[in-house]
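Structural overview
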Amino acid sequence: MKFLNPEQFAKIAGLELFSRKIVDGFLSGYHQSSFHGYNVEFADHKTYERGDDLRNIDWKLFGRTDRLFVKRFHEETNLRSFVLLDNSASMAFGDSISKWDYSRVLCASLSFLMLRQKDSVGVWLFNEGLQAMVPPRAKKSHFTSICRFLENSSPGGKTFFGESIVGLARNLKKRSLICVISDFLGEEDQIFPALRSLSGRKHDIIVFHLLSGEEYELPYRGFYRVRDMETGDHLDLRLDAMRSEYQSAVNAGRRKVMDFCLSAGMDYVQHTTRTPVEKVLFEYLIKRRRGGRGVVLL
Amino acid sequence: MFFFEIPSFFFGLLALAVPVILHLLPRLKPQLMDFSSLKYFKEGYFRMKNRLMFFNMLRLLVRVACISCIVAFFAGPMRKILIAKPALHFHSAPGLRIEPAVILAGGKQKLVVELPASHQMSEVTLSVDGRERFGRAVPQGAGTVEIPFSFKDQGQHELTVAIVSQDGGRQEYTAGCRTTPGWNALFIVDEEQLRKNTVLPSFFSSMEHSMMLSSRAGFDMLERIAPSGYDLVVISDAGRIDLGTYRKLEKYLQEGGSVWLFLPPDLSTDYLNKILFSYSEVNHGFLPGRLLSWNSEDAVLGRTVFSRTISSIGNWQGRFSFKGSFLIDPEPENEILLFSGKGKPLLIKKDFGEGRVYTFLFSWDAAGTGLWETKLIVPFFTDLLIHSCPAEPVKWYSRAANDSLPSVSDQETFSDFSWLLLLFSLLFLFCEGLLASGRPPGLKCSGMVC
């Protein structure tokens, strides 16, 4: 499968067209939805993994095979899904393509994918709080609204999971599919409780942990006054000499987020802006279909 | 002691201000970069900051050391090494020797200190066995200081010369010696003659200090006792020397011994062995020259005056008569110590290896010479003994603990240390290059500038 490079986004006029192209592209090799719902028509079994809902274990099958399997169902009713998109100032970082641009494409692609399955999808932007939202709809024309909404929004403010996510989790009464797209550069003592509040309400949560390619590799050489895009603080650093320590810290940080998400029963996708969006979707959906939860695409 | 040939080059140390200013001035102006978050930088920031401070300080020190070495290199560092050569030359009167030094106890000795022109001494003190002291003030300039002294007792003695400099410094030299009541002399003499109580044994016997006398041993004595154990070997009858004895005497002389060789007038030429003439590697064996004649009728008769040829005899004269039978034409390198009234040689000294052979052209018992009757025999043979057994120079040694007179007569040598500084300069330059590359081995700490 040939993926569209994120840099090609700039060559394609409009988020809508690009997202359609992405989804159409990867769906040509992937024909079945993997976003499974709850308590509907039985689909198949999958091997039990830690974190799976015990209520879905097929005990009869266990009695016959002495192995634990979890029943999966095709959702009969429309799935309600939300894409929570981090639009803090740090998302604007990126040389070739910013995290914000990339995440908008990813958000639009996910929306288009949901709408194509006749599911309702809504988009929420958050930074220090919930900034703006597009309420979930299942109409195909809703995709245009989402794209327009994304094109008109811009990043700013600090990443603050606490208020925004917890507030959202409190308002969502019905189980939903929630995709969180963020760089998770906020404080971990706020990120993890917020995510736990979502997962505690039995939502199906997919975390897209997005890093900029430059942010991950730190390819810079020389002496820089590095300014935090969210706080405005700065440090004077010789980045080439800091690279190894920085990468160690980044790896430790993303490992911590991944461990938390997987332990909390969330799906976790880690990728950079250099990973084509359709590859992210394709790899994740393949993994999800096979019962896996964590995908690392660095 | 270090010094610099061109100290004015140390003005170059002003260049040290350059690295110091570079160290204190703000570094490069950083480029501004907006980054998503400093979250992951902050963890290693302070650790790297400390490392960087260390790194920058190390770099400053290396630069300072490099510049200092270069400046010092051009200034020409030298080191003055003071080699303590014997600051003064000491010598003593004849008879004062190192072990086995033998000098006559009670005899007058004299310590002579030769002073160099550059000396800075004020006083010289001689201590004998740490008790008796003989002090002398030292005049300025070159010269000598003479200190007479004597050993009252026989046995081991220690001489200590203390030199006091004008600035109060003190330096001591010490030598050991031994006094003896007499000389160890081996007499190889015919027993019949010895029984006659002839003059020479009587002389030694009559001396105040007794002597070891092995008169009965004869030539066989040399078979049992090494000649080197004796200060003197007296051979009264040279005609009785065989080849084995000659070889022993030759070795004895080579090692520095003294031999008195008497050619008595009643010695027939029939007894003259070939050892005296041809056994030796030299032409005439022990003889100081060519034996011209032996004729009792032509014997040299007359009165003889001690001359001052024998330096240790002193300025005195005496007269005695004798009858000599041999006539030797001495070789020019040999020293004639005693002449007859007719100018014929009577006592000739010949250097043989390290030793000396004294050939007497008269009878060993001095019979008929009237020497004994003149009462001069004692001083004559005493001085001759001293002359025959010359004292070796006393070897003085300095006591380092009290050695505080570097200016007396030290020898100055200079060693150049420029090459060492050049080596250090290159080493520091190499280190600077490593540090400048930002990746010094084992020091990954060129991280940040704050």
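1. Remarks on the overall build of chain B
Looking only at helices and strands, one finds 8 helices and 24 strands in chain B. Classification of the 450 residues of chain B by burial places 32% in the buried group. Sequence separation of at least 24 residues holds for 76% of the intrachain contacts in chain B that already meet a minimum separation of 6.

2. Quick look at the overall build of chain A
Secondary structure assignment for chain A yields 9 helices and 11 strands. Expressed as a percentage of its 298 residues, the buried residues of chain A come to 42%. The contacts of chain A with a sequence gap of at least 6 include a subset with a gap of at least 24, amounting to 76%.

3. Description of the sheet that holds strand β6 (residues 177-182) of chain A
All names here are of chain A. Overall, mixed pairing links the 7 strands, which are arranged β5-β4-β3-β6-β7-β10-β11 in an open sheet. The two strands at the open ends of the sheet, each matched to only one other strand, are β5 (130-137) and β11 (294-297). Direction aside, the axes of adjacent strands within the sheet are offset by 10 degrees on average. Looking at chain direction, strand β4 (residues 120-126) and β5 are connected through 5 bridges and run antiparallel. The residue of β5 that forms the bridge with Val 123 is Val 134. Contacts between helix α4 (residues 142-152) and the sheet are confined to β4 and β5, with β5 contributing the most and set at about 170 degrees to the helix.

4. Considerations on the nonpolar core
Residues Val 83, Leu 84, Cys 179 and Ile 181 of chain A are the most contacted members of the largest nonpolar core, which totals 57 residues. Look past the residues within four positions of Val 83 of chain A in its chain and what remains in contact with it is Cys 107, Leu 110, Ser 111, Val 121, Val 123, Cys 179 and Ile 181 of chain A. If you look at the next biggest cluster of nonpolar residues, it comprises 33 residues, including Phe 262, Leu 287, Leu 361 and Leu 384 of chain B.

5. Side note on the interface of chain B and chain A
The partner chain A presents 27 residues to the 23 residues of chain B that form the contact. Within the residue set of the side of chain B that touches chain A, elements represented by two or more residues are β2 (31-35) and α2 (39-75) of chain B. With 7 residues, α2 of chain B is the single largest residue contributor to the side of chain B that touches chain A. One ladder, built from 5 bridges, connects strand β8 (residues 223-228) of chain A with β2 of chain B; its direction is parallel.

6. Quick word on the pairing of strand β9 (residues 234-238) of chain A
The two faces of the sheet receive side chains in turn, since in a regular strand these alternate between them. All names here are of chain A. Pairing analysis gives 5 bridges linking β8 to β9, with the strands arranged antiparallel. The residue bridging Phe 223 from the neighbouring strand is Arg 238, located in β9. In sequence, β8 turns back onto β9 through a hairpin of 5 residues, with Gly 232 there showing a positive phi of about 85 degrees.

7. A closer look at the packing of helix α8 (residues 239-263) of chain A against α2 of chain B
At a minimum axis separation of 8 Å, α8 of chain A and α2 of chain B run at an interaxial angle of 140 degrees. Between α8 of chain A and α2 of chain B, the angle falls in the class oblique. Pair α8 of chain A / α2 of chain B crosses with right-handed handedness. Contact with α8 of chain A, carried on its side by Met 242, Glu 245, Tyr 246, Ala 249, Val 250 and Gly 253 of chain A, involves Tyr 40, Phe 41, Glu 43, Gly 44 and Met 48 of chain B of α2 of chain B and no other residues of that element. Grouping the amino acids of the contact of α8 of chain A with α2 of chain B by side-chain chemistry returns 7 nonpolar, 2 polar and 2 charged.

8. Observations concerning the environment of Arg 72 of chain A
Residues and elements named next belong to chain A. Mapped onto the elements, Arg 72 comes out in strand β2 (residues 69-74). Since 20 C-beta atoms lie within 10 Å of it, Arg 72 is described here as buried. Remark: the alpha-carbon pair of Arg 72 and Asn 56, spanning 16 residues in sequence, is separated by 7.5 Å.

9. Some points on the confidence of the model for chain B
Do not read the predicted coordinates in detail wherever pLDDT is low. Residue and element names in this part refer to chain B. The pLDDT averaged across chain B works out to 67; a share of 50% of its residues lies at or above 70. The spread of mean pLDDT over the elements of chain B runs between strand β17 (residues 300-305), the lowest at 43, and β2, the highest at 88. Throughout residues 93-106 the model reports pLDDT below 50, and contacts reaching past four residues in sequence, or to other chains, amount to 52 contacts. Below a pLDDT of 50 lies the segment residues 400-410, which in the model reaches 31 contacts outside its immediate sequence neighbourhood of four places, other chains included.

10. Some remarks on the sheet that holds β9 of chain A
Either a parallel or an antiparallel arrangement is found when strands of a sheet pair, and the pairing is made through backbone hydrogen bonds. One open sheet holds the 3 strands; their spatial order is β9(A)-β8(A)-β2(B), and the pairing between them is mixed. Single-partner strands in this sheet number two, and they are β9 of chain A together with β2 of chain B. Pairwise comparison of adjacent strand axes, ignoring direction, gives a mean angle of 35 degrees for this sheet. Against the sheet, α8 of chain A touches β8 and β9 of chain A, its axis set at about 100 degrees to β9 of chain A.

11. Section: helix α6 (residues 188-199) of chain A
An ideal rise of 1.5 Å per residue puts 16 Å on 12 residues; α6 of chain A measures up with 16 Å between its terminal C-alpha atoms. Against α5 (161-171), β6, β7 (204-211) and α8 of chain A lie the buried residues of α6 of chain A.

12. Brief notes about the packing of α5 of chain A against α6 of chain A
Residue and element names in this part refer to chain A. Running from amino to carboxyl end, α5 crosses α6 at an angle of 5 degrees, the nearest separation of the two axes being 8 Å. Classified by the angle their axes make, α5 and α6 are roughly parallel. Residues Phe 161, Gly 162, Ile 165, Val 166 and Ala 169 of α5 pack against Gln 190, Ile 191, Ala 194, Leu 195, Ser 197 and Leu 198 of α6. Across the contact of α5 with α6, the residue classes break down as 8 nonpolar, 3 polar and no charged.

13. A look at the environment of Ile 97 of chain A
All names here are of chain A. With respect to the helices, strands and loops of the structure, Ile 97 is situated in the loop between β3 (80-86) and α3 (99-116). Using a count of 19 C-beta atoms within 10 Å as the deciding quantity, one classes Ile 97 as partly exposed. C-alpha of Ile 97 to C-alpha of Ser 212: the two residues are 115 residues apart in sequence and 8.2 Å apart in space.

14. Considerations on unusual backbone geometry
All names here are of chain A. The phi dihedral of Asp 66 falls on the positive side, at around 60 degrees, and the residue is not glycine. With respect to the helices and strands, Asp 66 occurs in the loop between α2 (59-65) and β2. At Phe 184, a position not held by glycine, the phi torsion is positive, near 55 degrees.

15. With respect to the pairing of strand β14 (residues 232-235) of chain B
Residues and elements named next belong to chain B. Residues of β14 alternate between two faces, with Leu 232 and Val 234 on one and Val 233 and Ile 235 on the opposite face, all of them buried. Here β14 pairs with strand β15 (residues 258-262) via 3 bridges, running parallel. Pairing of Val 233 across the sheet is with Val 259, part of β15.

Conventions we followed
- Residues numbered from 1 in each chain as written.
- Chains lettered and ligands numbered in written order.
- Predicted model: local features only at pLDDT ≥ 70, side-chain atom pairs only at ≥ 80, totals over all residues.
- Helix = DSSP H or I, 4+ residues; strand = E, 2+ residues; numbered from the N terminus.
- Buried ≥ 20, exposed ≤ 12 C-beta atoms within 10 Å, placed from the backbone.
- Contact = placed C-beta atoms within 7 Å.
- Pairing = 2+ DSSP bridges.
- Axes fitted to C-alpha atoms, helices over the stretch in contact; angles between N-to-C directions.
- Core = buried A, V, L, I, M, F, W, Y, C linked by C-beta atoms within 7 Å.
- Parallel < 35°, antiparallel > 145°, perpendicular 65-115°, else oblique.
- Left-handed = near helix turned anticlockwise from the far one by under 90°.
- Nonpolar A, V, L, I, M, F, W, Y, C, P; charged D, E, K, R; others polar.
- pLDDT = per-residue confidence, 0-100.
- Expected span 1.5 Å × (residues − 1).

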